[in-house]
Amino acid sequence: MRMDNLAKALAILIVEEGNYSYVDRIGYAPSKGLALFYIREALRDLHSLIRSGEVKAEGAKELLRGLDFNNVYKEIEDVEALEDREDLREALSVLASKALTLSASALKRGW
């Protein structure tokens, strides 16, 4: 399970708004239901940000250009299909780690 596009979505919120709350919540979510809830909330905020036309940070714009929402949809289905709690924790930890890595890389390019 790659979850690269979900990671990009979270990274955009970090780069553009300095918002680490979603990556933290998702990374520590104790259940699949709560993880999906946090993912939904993050995507809602991303949707609002895109609609507003207020994406200013070049790193966030670059991540947004590479974001494939069809793959986001598939990655959400992958999270939904996880049955084992250990697999869920691992997948969410990888997702959070990827988001942090992508955002740090985008921020570094902006220096």
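Shown above is the structure to which this text applies.
Residues numbered from 1 in each chain as written. Predicted model: local features only at pLDDT ≥ 70, side-chain atom pairs only at ≥ 80, totals over all residues. Heavy atoms only, no water.

## Considerations on the overall build of the protein chain
Our working definition: Per the convention used, a helix needs a DSSP run of H or I reaching at least four residues, while a strand needs a run of E reaching at least two, with both numbered from the N terminus. Only C-alpha atoms enter the radius of gyration; for comparison, a globular chain is expected to reach 2.2 Å times N to the power 0.38, where N is the number of residues. Note on classification: 1.4 Å probe, protein chains only; a residue is buried when its accessible area is under 20% of the maximum for its type, exposed when over 50%, partly exposed between these limits. In this analysis, two residues are considered to be in contact whenever any of their non-hydrogen atoms come within 4.5 Å of each other. All accessible-area figures derive from a Shrake-Rupley calculation using a 1.4 Å probe, and residue coverage is judged against the displayed protein chains alone.
Helix and strand content of the protein chain: six helices and zero strands. For the protein chain, the N- to C-terminal ordering of α and β elements is α-α-α-α-α-α. Computed over its C-alpha atoms, the radius of gyration of the protein chain comes to 13 Å, within 12% of the 13 Å expected for a compact globule of 111 residues. Each principal axis of the C-alpha atoms in the protein chain carries an extent, and together these give about 40 × 25 × 20 Å. Classification of the 111 residues of the protein chain by burial places 38% in the buried group. Long-range contacts, defined as pairs at least 24 residues apart, comprise 77% of the intrachain contacts of the protein chain with a sequence gap of at least 6. Counting only carbon and sulfur atoms, one obtains 51% of the accessible surface of the protein chain, whose full area is about 6,500 Å².

## Section: the nonpolar core
How we decide: Throughout this description, the term nonpolar core refers to a set of buried Ala, Val, Leu, Ile, Met, Phe, Trp, Tyr and Cys residues connected via side-chain atoms within 4.5 Å.
Ranked by internal contacts, the top residues of the largest apolar core, which has 34 residues, are Leu-10, Ile-12, Ile-26 and Leu-95. Of all the secondary-structure elements, those providing two or more residues to this core are helix H1 (4-17), helix H2 (21-27), helix H3 (32-52), helix H4 (58-65), helix H5 (69-81) and helix H6 (85-109). The element best represented in this core is H1, accounting for nine residues. Residue contacts for Leu-10: discarding those within four places in its chain leaves Tyr-22, Val-23, Ile-26, Ala-42, Leu-95 and Ala-99.

In short, the description is geometric, and any link to function would need to be established separately.
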